[in-house]
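Structural overview for review
For reference, the chains in residue letters:
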Amino acid sequence: MSVTNFCSADAQTASAPHAKVTFQTLQEKKQNSKPITALTAYDYATARLVDEAGIDLILVGDSLAQVVLGYDTTLPVTMEEMLHHTRAVRRAVKHAIVVADMPYGSYHVSVQEGVANAARFMKEAGAEAVKIEGVIKRVELVERLVDAEIPVVGHLGLTPQSVHRMGGYKVQGKSTAAADTLLKDALALEEAGAVAIVLEGMPREVAQYITHRLNIPTIGIGAGPDCDGQILVFHDLVNLSFAKPAKFVRQYGDAAGLFRTAIDGYLHDVEKREFPSENESYHLTKEARAALESASPIRRKA
Ligand code: KIV
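Residues numbered from 1 in each chain as written. Predicted model: local features only at pLDDT ≥ 70, side-chain atom pairs only at ≥ 80, totals over all residues. Heavy atoms only, no water.

Below, the discussion takes up the overall build of the protein chain. Scanning the protein chain for helices and strands turns up 13 helices and eight strands. Sequence-distant contacts, at least 24 apart, represent 58% of the contacts inside the protein chain between residues at least 6 apart. Surface exposure of the protein chain reaches about 16900 Å², of which carbon and sulfur atoms provide 55%. A distance of 3 Å separates the average location of the 32 positive side-chain charges in the protein chain from that of its 37 negative side-chain charges. (Helix = DSSP H or I, 4+ residues; strand = E, 2+ residues; numbered from the N terminus. Contact = heavy atoms within 4.5 Å. Areas by Shrake-Rupley, 256 points an atom, 1.4 Å probe, with all protein chains shown as cover. Lys, Arg positive; Asp, Glu negative; His and termini not counted. Charge placed at Lys NZ, Arg CZ, Asp CG, Glu CD.)

Structure follows, in structure tokens:
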């Protein structure tokens, strides 16, 4: 294995200008109408790239169940898997806030279990906050997490852990009553002490209304441009999710194309014996080679 790429990247980025981001930074950005930038990351390599670019917040999303582990929904990913990936991201990140997504089942049984699991992300994986999905019934949990010094990011609207209850991945808050409920939920989460709220899959107007009514920042995904910040799933951003992109996704690169070209090139070169070359091989000294050949002559390929 070669780690030279990251070692030399170290030298290039040692003086990266980004300061450590905190939730106060995000609050100031909201006050000054400066957009908050957020992306998901699940491993050391991509988290380094995202952090070095100067993104404010990195979410180790439970979307890793789908884009990294190949499940159909986010539901199967476990606490242990989320902890494992959060640790990898933590090792890479120096500037961004690292938020860990609490997986399905880790906070649904009891408030006590939710607090204990959230504390594991802070203590064992170095997360700076946890994200939980859901509405009014999570308010007590948010209060208890805040009591336990654990910053909480809420998540409202299209909440993927509720996919079966919602009957699919559908835009939420489309009626006046549903929009009103979303606003009430957002205000309740803020009141309970959440530091930010992800607004996913809702009409632009609803997200805008909620954003204006809240003091804490909103971070949108499929919720229009008026949120205080935006987040995308890293694999969607770089075309690595093997799925038709949702309407709200903009692909900024083609990692799948890049990887395919590299893999095809390697396959070709190995099959044609064009890799490795003489320059990519190690050699014995002349004396050692002569000794080896006299002991057992090396048969050359034609
Ligand atoms: O898991 C995830 O990636 C998320 C984002 C979609 C916000 O929750």
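Alright, that's what it looks like, and here's the rest.
Close contacts around the ligand come from Thr-40, Leu-59, Gly-61, Asp-62, Ser-63, Asp-101, Lys-131, His-155, Val-198, Glu-200, Ile-221 and Val-233, and that covers them all. Notes on the ligand: free accessible area 260 Å², of which the protein chains cover 96%. Per-class residue counts for the shell around the ligand are four nonpolar, four polar and four charged. (Near = heavy atom within 4 Å. Nonpolar A, V, L, I, M, F, W, Y, C, P; charged D, E, K, R; others polar.)

Time to look at helix 12 (residues 255-271). One turn of the α-helix equals 3.6 residues, which is why residues spaced by three or four share an orientation. The end-to-end C-alpha distance of helix 12, which contains 17 residues, comes to 24 Å, matching closely the 24 Å that a straight helix rising 1.5 Å per residue would cover. Backbone geometry just after helix 12 places Arg-273 at a positive phi near 55°. (Expected span 1.5 Å × (residues − 1).)

We now examine the packing of helix 5 (residues 79-92) against helix 6 (residues 111-125). At their nearest, the axes of helix 5 and helix 6 sit 9 Å apart, and the two run at 35° to each other. For helix 5 against helix 6, the interelement crossing comes out right-handed. Contact residues: Met-79, Glu-80, Met-82, Leu-83, Thr-86, Arg-87 and Arg-90 in helix 5; Asn-117, Arg-120, Phe-121, Glu-124 and Ala-125 in helix 6. Looking at side-chain class alone, the contact of helix 5 with helix 6 contains five nonpolar, two polar and five charged residues. (Axes fitted to C-alpha atoms, helices over the stretch in contact; angles between N-to-C directions. Left-handed = near helix turned anticlockwise from the far one by under 90°.)

We now examine the sheet that holds strand 2 (residues 57-60). The sheet built from eight strands closes into a barrel, its strands ordered 1-2-3-4-5-6-7-8 with parallel pairing. Each strand axis lies, on average, 25° off the axis of its neighbour in the sheet, ignoring direction. (Pairing = 2+ DSSP bridges.)

Regular strands place side chains that alternate from one sheet face to the opposite one. Of all five residues in strand 4 (residues 129-133), five are buried; the element is thus mostly enclosed. With burial as the criterion, each face of strand 4 is covered, one bearing Ala-129, Lys-131 and Glu-133 and the other bearing Val-130 and Ile-132. Relative to strand 4, strand 3 (residues 97-101) runs parallel, the two sharing three bridges. Residue Ala-100 lies in a different strand from strand 4, and its bridge partner there is Val-130. Running through helix 6, the crossover from strand 3 to the neighbouring parallel element strand 4 is right-handed. Bridge count for strand 4 against strand 5 (residues 152-157) is four bridges, and the pairing is parallel. (Buried < 20%, exposed > 50% of the residue type's maximum accessible area, 1.4 Å probe, protein only. Right-handed = clockwise from strand over helix to strand, strands pointing away.)

On to the pattern of salt bridges, then. Tallied over the full model, the rule gives 12 salt bridges. In this structure, the salt-bridge partner of Glu-124 is Arg-87, at a minimum N-O distance of 3.8 Å. Remark: Arg-87 occurs in helix 5 and Glu-124 occurs in helix 6; sequence separation between them is 37 residues. The exposure class assigned to Glu-124 is partly exposed, which follows from its relative accessible area of 35%. A relative accessible area of 28% places Arg-87 in the partly exposed class. Between Lys-184 and Asp-180 there is a salt bridge; the shortest N-O distance is 3.0 Å. Taken as a pair, Lys-184 and Asp-180 lie in helix 9 (residues 176-192) at a separation of four residues, close to a single helical turn. Residue class for Asp-180 comes out partly exposed when judged on its relative accessible area of 33%. Through salt bridges with shared partners, a single network forms among Glu-80, Arg-87, Arg-120 and Glu-124. (Salt bridge = Lys/Arg side-chain N within 4 Å of Asp/Glu carboxyl O.)

The next subject is the domain arrangement of the protein chain. By the assigned domains, the protein chain splits into domain 1 (9-253) and domain 2 (258-295). Spacing between the C-alpha centres of domain 1 and domain 2 amounts to 46 Å. (Domains from an automatic or database assignment.)

Let us look at a negative patch on the surface. Taken together, the side chains of Glu-140, Glu-143, Asp-147, Glu-149 and Glu-191 present a region of like negative charge at the surface. Considering each element in turn, the negative patch owes the most residues, three residues, to helix 7 (residues 139-147). Here Glu-143 lies in helix 7. (Patch = residues over 30% accessible without salt bridge, like charges linked within 9 Å, V, L, I, M, F, W, Y side chains within 5 Å.)

Alternating residues of strand 2 divide into Leu-57 and Leu-59 and Ile-58 and Val-60, and every residue in both groups is buried. As judged from the three bridges shared by strand 1 (residues 36-40) and strand 2, these two strands associate in the parallel manner. Across the sheet, Leu-39 pairs through a bridge with Ile-58, a residue of strand 2. At this point the chain moves from strand 1, through helix 3 (residues 44-53), to the parallel strand 2, and the crossover so formed is right-handed.

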